[in-house]
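# Chains, contacts and geometry: an overview
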Amino acid sequence: MRIGTLKETYIADAALFDSRTQKVWLAVAAALLVLFPFVANDYWLYLACLVSINVASATGLNLLTGYTGLVSLGQAAFMGLGAYTVAIMQTRLGTPFLLNILAGGVVAMVGGIVVGIPSLRVKGLYLAIVTIAASFIAHFLFANFSFTGGTAGISIPPATFFGLPLDTSFRLYWVIVPVTILMLLGGANLLRTRIGRAFIAIRDRDISAEVLGIPLLRYKLLSFGLSSFYAGVAGGLWAYFFRVVTPESFPLVMSIFFLAAVIVGGMGTILGGILGALFMTMVPELLKLVVDLLPGGQEMTVYLSPIRTIVFGLLIVGFLVFEPHGLAEIWRRIRRFFHLWPFRN
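Summarised in this report is the structure supplied together with it. Since we're looking at a predicted model, the values are computed, not measured.

What follows concerns the overall build of the chain. When you go through the chain residue by residue, the secondary structure sums to 14 helices and four strands. When each of the 345 residues of the chain is scored for burial, the buried share is 46%. Considering only contacts in the chain between residues 6 or more positions apart, those separated by 24 or more positions represent 76%. Carbon and sulfur atoms make up 71% of the accessible area of the chain, which amounts to about 18,400 Å² in all.

The next thing to look at is the nonpolar core. Core analysis: the largest hydrophobic core is formed by 89 residues, its most contacted members being Ile 53, Met 79, Phe 97, Leu 237, Val 245, Phe 250 and Phe 279. Leave out the neighbours within four places in its chain, and Val 245 touches Ala 83, Tyr 84, Ala 87, Gly 153, Ile 154, Ile 156, Ala 239 and Phe 250.

Its place among the elements puts Phe 258 in helix α11 (residues 252-265). With relative accessibility at 1%, the residue Phe 258 sits in the buried group. Residues contacting Phe 258, with those up to four places away along its chain left out, are Asn 54, Ser 57, Ala 58, Leu 61, Gln 75 and Met 79.

All right, on to helix α4 (residues 75-93) then. Across its 19 residues, α4 extends 26 Å between first and last C-alpha, which sits within 8% of the 27 Å expected from 1.5 Å per residue. Within α4, 15 of the 19 residues are buried, which leaves the element mostly enclosed by the surrounding structure. Positioned one or two residues after α4, Gly 94 has a phi angle of 65°, which is positive.

Because the α-helix completes a turn every 3.6 residues, residues three or four places apart line up on one side. For helix α6 (residues 125-144), which comprises 20 residues, the first-to-last C-alpha distance of 29 Å matches the rise-based estimate of 28 Å (1.5 Å per residue) to within 8%. Along α6, the residues that are buried comprise Leu 127, Ala 128, Thr 131, Ile 132, Ala 134, Ser 135, Ala 138, Phe 142 and Ala 143. Around the axis of α6, the buried residues are gathered within 160° of arc, so they sit on the same side. In α6, those exposed residues whose orientation departs by more than 90 degrees from the buried face are Tyr 126, Ile 129, Phe 136, Ile 137, Phe 140 and Asn 144. Contacts made by the buried residues of α6 are with α4, α5 (97-116), α10 (216-242) and α11.

A side chain with one charge can pair with a side chain of the opposite charge if their charged atoms come near. Counted according to the given criterion, the structure contains six salt bridges. For Arg 171, the salt bridge goes to Asp 167, with nearest N and O atoms at 3.3 Å. Among the residues examined, Arg 171 registers a relative accessible area of 30% and is labelled partly exposed. Taking relative accessible area as the criterion, Asp 167 reaches 39% and is therefore assigned partly exposed. Sharing partners across several salt bridges, the network here consists of Lys 123, Asp 206 and Lys 220.

As a further point, take the packing of aromatic side chains. Applying the stated criterion across every chain, the model contains 16 aromatic pairs. Seen from their ring centres, Tyr 43 and Trp 44 are 5.3 Å apart, and the 75° between their planes marks the pair as edge-to-face. Among the residues examined, Tyr 43 registers a relative accessible area of 34% and is labelled partly exposed. On the numbers, 4.9 Å between centres and 75° between planes, the contact of Phe 241 with Phe 242 is edge-to-face. Its relative accessible area of 10% is what places Phe 241 among the buried residues. Each member of the aromatic cluster is reached from another via a ring pair, and the members are Phe 36, Phe 38, Phe 170, Tyr 173 and Trp 174.

Conventions and cut-offs
- Position labels on residues start from 1 in each chain and follow its written sequence.
- It should be noted that, the model being predicted, local features are given only for residues of pLDDT at least 70 and side-chain atom pairs only at 80 or more, the latter also being counted only at that level, while totals for whole chains, interfaces and linings use all residues.
- Heavy atoms from the whole structure form the basis of all side-chain values; hydrogens and water molecules are not counted.
- Think of it this way: any DSSP run of H or I at least four residues long counts as a helix, any run of E at least two long counts as a strand, and we number them from the N terminus.
- For each residue, the accessible area found with a 1.4 Å probe, counting protein chains only, is set against the maximum for its type, and the residue is called buried under 20%, exposed over 50%, and partly exposed in between.
- In what follows, residue pairs with any heavy atoms lying within 4.5 Å of each other are defined as contacts.
- Residue burial considers only the protein chains on display, and all accessible areas are found by Shrake-Rupley using a 1.4 Å probe.
- To form a nonpolar core, buried Ala, Val, Leu, Ile, Met, Phe, Trp, Tyr and Cys residues must be joined to one another through side-chain atoms within 4.5 Å.
- Multiply 1.5 Å by the residue count of a helix minus one, and that product is the helix's expected span.
- As used here, the arc belongs to the directions running from the helix axis to the C-beta atoms.
- Salt bridges are identified by distance alone: a Lys or Arg side-chain nitrogen within 4 Å of an Asp or Glu carboxyl oxygen.
- Working definition: a ring pair exists when centres of Phe, Tyr or Trp rings (six-membered ring for Trp) sit within 6.5 Å. Plane angles under 30 degrees give stacked, over 60 give edge-to-face, the rest tilted.

See the structure below:
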């Protein structure tokens, strides 16, 4: 049982992965991610790419809501900004894939900073209303400007990466998953810096943080900007994945989806964003598979679909009631249990 870790240098103390066990599990996870596309069919590759995109966006929202304590229901709008930026640059300018993704994140970041300006004066439900208003404004702009394609949207040709067209889920997997991993590592490292500590201080008590010398507006806008950047990159990946962007692609219910993912997964943890996005994306699919396996399930889909939705909703409510700290806390309890297992060496 691991009871402590001796750190002899500052670099060792600041390391993100500070034990051999963590490095071994990291290597195992990397090996599984590399092997997965060679053994999975198109359906599971599609779900893997979709989960990765949702993980990236949920992680960005967790930086804002979980770590800084600022409620937002505008994550879908910022994903839309990133997706439309990518679509316009790809179809009209023909710029490279990575440049388009980065530009989508930057445009969404600018939008997030603008929306975050009222955060110094309002918070809680009032701030949520502000972000909802931003979602409606973004939807209006997407649907009524000619360069966004209006209600018809924009169809996107397959992206190319070093001359290779990314026109299948197998090929997109090798781009979407690494980008998501880099964003997760960036978020984890950010929270170990003074910026991350400032976010947490604002979340715990913004007045006390200001007394300690933390400029609230600067760090709140920075949190909004980083969260929106993550959403913009995720939106850009979403655009390349589905290859069509319309105003209806990013409804308000998608923002609620990501907020639920953060709450179910565990607010204020990088792991929470991963587990929450995985839960919110995969559980409906697994329930659908269960329904299809029932006798006469495929013929009774119309009648069983509402039951499947109710079961999914009850699972979310169950987390809020019985484990408000989310799946990340359940995972920590499992780890503690096995660390205390009496036959463990």
